[in-house]
Amino acid sequence: MQLVKRNTSSPAALVLAPVGAILFTLLISALLVLWAGAPVGQTYGLLLQGGFGSVFALSETLTRAVPLMLTGLAAAVAFRARLFNIGAEGQLYVGALAAVAVGGMHGGTGFDLPPALLFVLMLLAAALAGALLLLGPALMKARLGVDEVVTTLLLNFIVLLLVSLMLDGPMKDPAAMGWPQSVALIADLELGKLIAQTRLHNGLLGACALAVLVWVLLKYTVLGFDIRAVGANPRAAAFAGVPVTRTVVLVAMLSGALAGLSGAIEVAGRTSYLTLDMSPGYGYSGIVIAMLAGLHPLGVVVASVFVAGVLVGADSMSRAVGVPTYIADVIVATSLISVLVATLLTQFKVKFK
């Protein structure tokens, strides 16, 4: 058996590929639901209802989707240039750490600056922290050929140790009764709610706006062309005059900044302070979302809502029919593999010898 490159990919195949991938995912998940002894139709109905069936459910889904959008954008931008950023989790935490340092330290006064200015400085600090964390691995890749998958992944653990050190040391909240959490942001820096009496905050609008801006950047700017060229073939891009090293560095700064912003927005919109368990793996889930979206910035928004809906819906579904919540992870993982295989089959055909 071998894969043979197709001369052209038909529009129908491009449309049917994700549909087939979704149907295959539902089939595999249905088998696991039956294995757990639960009715498939009721389980899927409860999953959908738990994620989207009420104002509260939808607000929880969209709240969960906000950090996923930003880490998904971070991964999508980096992967477009073949910079495989696996460190969005660490960049998220270091961004949250920088946000709290600017907006919550100094006795809770935040440098005694006007809240509007302080809010901008807080976001800039978070973006800069995330960007600088990825800059080192990017330079090592561009100059020394060091595998960025390894360096960015290992930096996640280093950052978590740094956060633990800060939460038990200079940034520890003295009013937390010994619990390892940071001081809280001042109230004026917290994001407003989009829907009253829910956790859904204005960060959703910011994340969607950033997705549009990243799409415009990649599609209509010179930098976007350079990113696509480097991602397609770095050697050919360099031969054509594209500054490969500069492009990789700029991509790293943008990707790290997006992941760092996710930490700041999560703190300002949902928790108001930093803890070690603030992220249940948003940085790693962002990679899945970027791949589900085909590295398209606008597709990241849709994929984020889908994944968040599955995760939120699984909680209520599990309580009702007794199917473990891990089915959500299976659905997300299977959908990723299915989409990748379906996309591959639109570009190659299987030939048996």
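All residue numbers refer to positions counted from 1 along the written sequence of the respective chain. Only residues with pLDDT of at least 70 are given local features in this predicted model, and only at 80 or more are side-chain atom pairs given and counted; all residues enter the totals for whole chains, interfaces and linings. Side-chain calculation: all heavy atoms of the structure are included, whereas hydrogens and water are not.

A. Examining the overall build of the protein more closely. A run of H or I in DSSP counts as a helix once it spans at least four residues, and a run of E counts as a strand once it spans at least two, with each numbered from the N terminus. Helices and strands together make up the secondary structure of the protein, namely 13 helices and 2 strands. The quantity called the radius of gyration is restricted to C-alpha atoms. Its globule counterpart is 2.2 Å times the number of residues to the power 0.38. Taking 353 residues into account, the globule formula puts the C-alpha radius of gyration at 20 Å, and the protein, at 21 Å, falls close to it. With the C-alpha coordinates aligned to their principal axes, the bounding extent of the protein is approximately 70 × 60 × 30 Å. Relative accessibility thresholds used throughout: buried, under 20% of the residue-type maximum; exposed, over 50%; partly exposed, between the two (1.4 Å probe, protein chains only). Counting across all 353 residues of the protein, residues that qualify as buried make up 47%. We call two residues in contact whenever any of their non-hydrogen atoms come within 4.5 Å of each other. A sequence separation of at least 24 residues applies to 75% of the contacts in the protein between residues at least 6 apart. Here the accessible surface of atoms and residues is derived via Shrake-Rupley with a 1.4 Å probe, and residues count as covered only by protein chains that are part of the display. Of the accessible surface of the protein, which amounts to about 16800 Å², a share of 71% is contributed by carbon and sulfur atoms. Positive charge is attributed to Lys and Arg, negative charge to Asp and Glu, and no charge count is given to His or to the chain ends. All charge positions are set by atom: Lys at NZ, Arg at CZ, Asp at CG, Glu at CD. Computing the positive centroid from 19 side-chain charges and the negative centroid from 14, the protein places the two 21 Å apart.

B. Spatial organisation of the side chain of T247. Structurally, T247 can be placed in helix 10 (residues 244-271). Distance and chemistry together define a polar contact, namely a pair of N or O atoms within 3.5 Å, with one atom able to donate a hydrogen and the other to accept it when in protein, and with adjacent residues in sequence counting only for side-chain atoms on both sides. Among the polar contacts made by the side chain of T247, one reaches the main-chain carbonyl oxygen of P243 at a distance of 2.8 Å. Not counting the four nearest positions on each side in its chain, T247 is found in contact with D226, I227, V230 and V242.

C. Region of interest: the side chain of S318. On the secondary structure map, S318 appears in helix 12 (residues 297-321). Owing to a relative accessible area of 18%, S318 belongs among the buried residues under this scheme. At 2.9 Å, the side chain of S318 and the backbone oxygen of V323 are in polar contact. Beyond its immediate sequence surroundings of up to four residues, S318 is in contact with V323, P324 and T325.

D. Expanded view of the nonpolar core. Membership of the largest hydrophobic core comes to 96 residues, with the highest contact counts inside it found for L83 and L274. At 13 residues, the largest contribution of residues to this core is made by helix 3 (residues 55-80). For L274, the residues in contact, after removing those within four places along its chain, are Y93, A96, L97, V100, V163, L167, Q181 and S182. Throughout, nonpolar core names a set of buried Ala, Val, Leu, Ile, Met, Phe, Trp, Tyr and Cys residues whose side chains join them through atoms within 4.5 Å.

E. Main features of helix 10. The terminal C-alpha atoms of helix 10, which comprises 28 residues, lie 39 Å apart, in line with the 40 Å expected from a rise of 1.5 Å per residue. When you tally the buried positions in helix 10, you get 21 out of 28 residues, the bulk of the element. A positive phi of about 70° marks S272, the residue just after helix 10. Every helix has an expected span of 1.5 Å times one less than the residues it contains.

F. Representation of the packing of aromatic side chains. Ring pairs shown here join Phe, Tyr and Trp side chains whose ring centres sit within 6.5 Å, with only the six-membered ring taken for Trp; geometry is labelled stacked below 30 degrees between planes, edge-to-face above 60, and tilted in between. In total, this model carries 2 aromatic pairs according to the counting rule given. Aromatic side chains W215 and Y220 sit 5.7 Å apart centroid to centroid with 85° between the ring planes, which places their arrangement in the edge-to-face category.

Read these as layout, nothing more, since geometry by itself doesn't imply function.
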